[in-house]
Every structure is written in structure tokens, then in C-alpha cells.
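# Descriptive analysis of the structure
Single-letter residue listing:
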Amino acid sequence: MATNITFHPGSVSAEERSQLLNQKGITIWFTGLSASGKSTIACALEQHLLHLHKFTYRLDGDNIRFGLNKDLGFDEKSRNENIRRIGEVSKLFADASCIALTAFISPYRADRAVARELHEKAGLAFIEVFVDAPLHVVEQRDPKGLYKKARAGEIKDFTGISAPYEAPENPEVHIKTDECDVKEAVARITEYLTQKGFI
């Protein structure tokens, strides 16, 4: 980290920004295996919250790798850096009183813990949503054909096949997508946000 830098605080406090925008900034962090339904649910939730006139923005794992994280691969070190960057970016969105939705496999508990800690240190809410589907279910879905390629040895370091996925131990919301549809998932997350006073 550079040493000759000084943080320049703004003229608007977090409280004032929140009052003016009439909402609290939070990060809703979707984690789960590829094809578990993270992006699908995040897209539907983003649309639902925007229709409720909530300032919401979605950060998607694949999309981010076209720009901000295009220099990263899929080895463990790159995955760590991928999630570190998204933790920082989502924190900025939440600090702007935005509801930031992040849809990333984020396979390591330690990396998700770092993202949570970043938010907590800044006084920002972090909600982990475990989008849970058994391996045999996501392999059957396989919309991008990635599991088939991973099983054939064409993709190395593929989460769930040749690289680990560490499931959350205490997520705020646990969605089993082999047991509920997208509409129900959005309703459950919305209910949680309402109960906790975020919307």
C-alpha cells in the first residue's frame, strides 16, 4: 500500500446521505456453486427492489471479470483477490446508501469473512445469502456446460469438482433452490430485509 496518501473525508455524513436518499446502504452477498441460482435470484431481486424505488445495483461474478477483474484467473490466489476487490467495491456502493447485490461463487469462508469485516468496520450491513443446491442438481442444470468440461478435465480449479467450496456456517438467509423457485427466493429475502428495517 502507498504511504504518501491521506484519506479525504467528504462534506456529507453517512446519516445525512441516508436521510436524503431515504434508505440505508447494505451489501447482500450471494454465495453458492455455479448454476445454484445466484445470478438469477440477484437479477430478480434487483428488479423487485428498484420497483420499490430502492437504489439498487447488482455486481455479478462473470460481468466483473470482463472489466475490473479481467486480469485475474481462477487459481486460489486470483480467487482471493477477486473477492477482496468485490468486498471493497460493494462497500463503496453500500457507503453510497445503495443496496449492493453481489453474485459470486466466493468459495472460501475466509474471503467472505474479510468482505463482512470490511463492512462491519465501516458500520455497514452485510447480509450473506447462501444459494444452496446439491452438486448433482447443479450438474444437471449446467447451463454453460462448465461441469461437463470440468468432469472431462478441460477446466482446472473448478469449484465443486476440482476446487473446494466452503459452505457458509451461519448465513443470514439460506435459500435451497432445489426446493423453491425464484419468486419465492425473492420474497424470502425481501421479508428478511423488511423485518430488519432495511427497506
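A few points on the structure.

Quick notes on the rules
Residues numbered from 1 in each chain as written. Predicted model: local features only at pLDDT ≥ 70, side-chain atom pairs only at ≥ 80, totals over all residues. Heavy atoms only, no water. Axes fitted to C-alpha atoms, helices over the stretch in contact; angles between N-to-C directions. Helix = DSSP H or I, 4+ residues; strand = E, 2+ residues; numbered from the N terminus. Parallel < 35°, antiparallel > 145°, perpendicular 65-115°, else oblique. Left-handed = near helix turned anticlockwise from the far one by under 90°. Contact = heavy atoms within 4.5 Å. Buried < 20%, exposed > 50% of the residue type's maximum accessible area, 1.4 Å probe, protein only. Core = buried A, V, L, I, M, F, W, Y, C linked by side-chain atoms within 4.5 Å. Expected span 1.5 Å × (residues − 1). Arc of directions from axis to C-beta. Phe/Tyr/Trp six-rings, centres within 6.5 Å; stacked < 30°, edge-to-face > 60°. Lys NZ or Arg CZ within 6 Å of the ring centre and 35° of its normal.

### Comments concerning the packing of helix α2 (residues 38–51) against helix α8 (residues 182–195)
The geometry of α2 relative to α8 is characterised by a closest axis approach of 9 Å and an angle of 55° between their N-to-C directions. In terms of orientation, α2 lies oblique with respect to α8. Judged by the sense of rotation from one axis to the other, the crossing of α2 with α8 is right-handed. Here Thr40, Ile41, Ala44, Leu45, His48 and Leu49 of α2 come into contact with α8, specifically with Val182, Ala185, Val186, Ile189, Thr190 and Leu193.

### Some words on the side chain of Ser34
Note that Ser34 resides in the loop between β1 (26–31) and α2. For Ser34, a relative accessible area of 12% puts it in the buried group. Not counting chain neighbours up to four residues away, the residues in contact with Ser34 comprise Ile105, Val138, Leu146, Tyr147 and Phe158.

### Details of the nonpolar core
Within soluble globular proteins, side chains that are nonpolar generally end up buried alongside one another. The biggest cluster of nonpolar side chains holds 23 residues, and the ones touching the most others in it are Ile28, Phe30, Ile127, Val129, Ile189 and Leu193. Per-element tally for this core: the top contributor is α8, with 5 residues. Once you skip the residues sitting within four places of it in the chain, Ile28 turns out to touch Leu45, Ile99, Ala100, Leu101, Thr102, Ile127, Val129 and Leu193. In this structure, Phe130, Tyr147, Ala150 and Tyr165 belong to the second largest nonpolar core, which totals 9 residues.

### Description of α8
Between its first and last C-alpha, α8 extends 20 Å over 14 residues, near the 20 Å set by a 1.5 Å rise per residue. Turning to α8, its buried residues are Ala185, Val186, Ile189, Thr190, Tyr192 and Leu193. Each buried residue of α8 sits inside an arc of 155° when the element is viewed along its axis, so together they form one side. Among the exposed residues of α8, those oriented more than 90 degrees off its buried face are Lys183 and Gln195. Buried-residue contacts for α8 involve β1, α2, β4 (125–132) and β5 (173–176). Gly197 sits one or two residues past α8 and shows a positive phi near 75°.

### Here's the deal with the packing of aromatic side chains
Scanning the model with the defined rule gives 5 aromatic pairs in all. For the pair Trp29 and Phe126, a centre-to-centre distance of 5.6 Å together with 35° between the ring planes defines the contact as tilted. Here Trp29, found in strand β1, pairs with Phe126, found in strand β4; they are 97 residues apart in sequence, far enough to count as distant. According to the relative accessible area criterion, Trp29 is buried, its value standing at 0%. Among the aromatic side chains, those forming a connected cluster through ring pairs are Trp29, Phe104 and Phe126. Positioned above the aromatic ring of Phe74, the side-chain terminus of Arg65 is 3.9 Å from the ring centre.

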